[in-house]
Amino acid sequence: MNLNLLNVCIDEKIATVEINRPKALNALNSELLTEMGELFASLNTNSEVGCIVLTGSGDKSFVAGADIKEMTDLGESDALKMSKKGQDVFLQIETCSKPVIAAVNGYALGGGFELALACDVIIASDKAQFGLPEVSLGLIPGYGGTQRLARIVGAQKAKRLIFSGEMLPANLAYDWGVATQVVASDELMATCMKLAKKIVKQAPLAISFAKQSIANGYDTTLGEGLGIESHFFAKTFTTNDKSEGVTAFIEKRKPQFKGN
Ligand code: DAK
């Protein structure tokens, strides 16, 4: 895999992925989306990876949006293709079998906010600013923003943000339930790594089943959701890790999970 715009480091089962286009505030161009799709396809099946931390290079921006300069000559059918490509990559991130933590270190605007919303957990620096300013460009969010944001914060708050294009500072993003934690910028990566380290100690298949259970049950009725949960709960009983986890508890020792 040839990655020019993504820096990847895998250590102790944690993959740290840094989007590396600092001169364009890490704006998502087509090349970057392609690389991200290839990388997540490979991380998804890499047994050496149990958690992914995604961040932007520099101290100013996570991702300042889709690359506006690539949009100048697009027609309707190109825009449809572009939207589909971005949505597919973000869906790949959302459905990745490993938890993905967005370490939002600055601007998360437009496609950048949409990217963070596709991750499982958002931890923000106190300098982070979230926004969907597409209407100021005559566009609307095209990578899932109208759908994912409304599901997380409710339709009213999503409409307010999308219709005004205004930015949401980190503390308000926390109040709205977008970010799960806000920390000083120099503590952001250490905070994300601390969480990632806790995650990689757990049973990987159980995490993947829990992630699927939450995702598949989210938009259904409670009854259907509980059925989905039972399905995945029962599946954990087919794993060696469940036997190991339960036995280790009874034997008063730490479990050695193998991901099978
Ligand atoms: N795209 C391309 N370049 C960008 C960029 C972006 N989104 N954001 C910043 N840059 C570039 C700037 O052009 C500048 O480049 P040079 O002029 O130096 O070559 C460099 O990054 C530094 O930016 P500034 O000089 O503007 O830095 P400031 O600190 O003054 O301002 C800022 C920072 C983040 C407030 C400002 O750069 C800004 O407003 N950026 C644009 C933010 C924005 O509007 N983002 C949303 C983009 S629209 C769709 C699919 C997806 C989407 C829409 C449709 N379909 C397929 C239909 C999603 C759309 C978006 O994400």
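Preceding this paragraph is the structure being described.
Below, the structure is looked at part by part.

About the cut-offs
- Residues numbered from 1 in each chain as written.
- Predicted model: local features only at pLDDT ≥ 70, side-chain atom pairs only at ≥ 80, totals over all residues.
- Heavy atoms only, no water.
- Helix = DSSP H or I, 4+ residues; strand = E, 2+ residues; numbered from the N terminus.
- Buried < 20%, exposed > 50% of the residue type's maximum accessible area, 1.4 Å probe, protein only.
- Contact = heavy atoms within 4.5 Å.
- Polar contact = N/O pair within 3.5 Å; in protein donor to acceptor, adjacent residues only side chain to side chain.
- Salt bridge = Lys/Arg side-chain N within 4 Å of Asp/Glu carboxyl O.
- Near = heavy atom within 4 Å.
- Areas by Shrake-Rupley, 256 points an atom, 1.4 Å probe, with all protein chains shown as cover.
- Nonpolar A, V, L, I, M, F, W, Y, C, P; charged D, E, K, R; others polar.
- Axes fitted to C-alpha atoms, helices over the stretch in contact; angles between N-to-C directions.
- Parallel < 35°, antiparallel > 145°, perpendicular 65-115°, else oblique.
- Pairing = 2+ DSSP bridges.
- Expected span 1.5 Å × (residues − 1).
- Arc of directions from axis to C-beta.

### Considering the environment of asparagine 105
Following the sequence through the fold, asparagine 105 ends up in the loop between β5 (100-104) and β6 (107-109). Accessibility expressed as a relative area gives 9% for asparagine 105, which makes it buried. Each C-alpha atom of the pair asparagine 105 and alanine 210 lies 27 Å from the other, and the pair is 105 residues apart in sequence. Discounting chain neighbours no more than four positions away, the residues touching asparagine 105 are Thr55, Gly56, Ser57, Gly58, Asp59, Lys60, Ser61, Phe62, Ser125 and Leu188. Here glycine 58 takes part through its backbone oxygen, which lies 2.9 Å from a polar atom of the side chain of asparagine 105.

### Re the pattern of salt bridges
Inspection of every chain in the model, using the stated rule, returns eight salt bridges. Here glutamate 94 makes a salt bridge to arginine 148, at a shortest N to O gap of 2.7 Å. Of the two residues, glutamate 94 is situated in helix α2 (residues 76-94) and arginine 148 in helix α4 (residues 145-153); the sequence distance between them amounts to 54 residues. Among the salt bridges present, the one from aspartate 120 reaches lysine 211, with a minimum N-O distance of 2.8 Å. Taken as a pair, aspartate 120 in the loop between α3 (111-118) and β7 (121-125) and lysine 211 in helix α8 (residues 204-217) lie far apart in primary sequence, 91 residues in all. Salt bridges linked by common partners bring Glu244, Glu251 and Arg253 together as one network.

### A look at the site of the ligand
The environment of the ligand is made up of 25 residues, and the closest members are Lys60, Ala64, Ala66, Lys69 and Gly111. Between an oxygen atom of the ligand and a side-chain N or O atom of lysine 60, the distance comes to 2.5 Å. One of the backbone N or O atoms of alanine 66 is found 2.7 Å from an oxygen atom in the ligand. Here the ligand loses 67% of its free accessible area of 1100 Å² to cover by the protein chains. Elements with a minimum of two residues in the shell around the ligand: α2 and β6. Among the elements that make up the shell around the ligand, the one with the highest residue count is α2 (three residues). Tallied by class, residues from the shell around the ligand come to 15 nonpolar, five polar and five charged.

### Describing the packing of α2 against α3
Running from amino to carboxyl end, α2 crosses α3 at an angle of 30°, the nearest separation of the two axes being 8 Å. When the axis of α2 is compared with that of α3, the two are roughly parallel. Residues Phe90, Ile93 and Glu94 of α2 lie in contact with α3, whose contacting residues are Gly111, Glu114, Leu115 and Ala118. Looking at the contact of α2 with α3 residue by residue, the classes come out as four nonpolar, one polar and two charged.

### Thoughts on the pairing of strand β1 (residues 6-11)
As paired elements, β1 and strand β2 (residues 14-19) share six bridges and run antiparallel to each other. Counterpart to valine 8 in the pairing with β2 is valine 17. Between β1 and β2, which follow one another and run antiparallel, lie two residues, and glutamate 12 among them has a positive phi close to 45°.

### A short note on helix α9 (residues 222-236)
For α9, with 15 residues, the first-to-last C-alpha span of 21 Å sits near the 21 Å given by 1.5 Å per residue. Taken together, the buried positions of α9 are occupied by Gly225, Ile228, Phe232 and Thr236. Along the axis of α9, the buried residues cluster in a sector spanning 90°; they form a single face. In α9, the exposed positions angled more than 90 degrees off the buried face are occupied by Gly223 and Phe233.

### Focus: unusual backbone geometry
Non-glycine residue asparagine 26 carries a positive phi angle of around 65°. Within the secondary structure, asparagine 26 is located in the loop between β2 and α1 (30-45). Judged by its relative accessible area of 0%, asparagine 26 is buried. In this structure, lysine 252 takes a positive phi of about 55° despite not being glycine. Within the secondary structure, lysine 252 is located in the segment after α10 (240-250).

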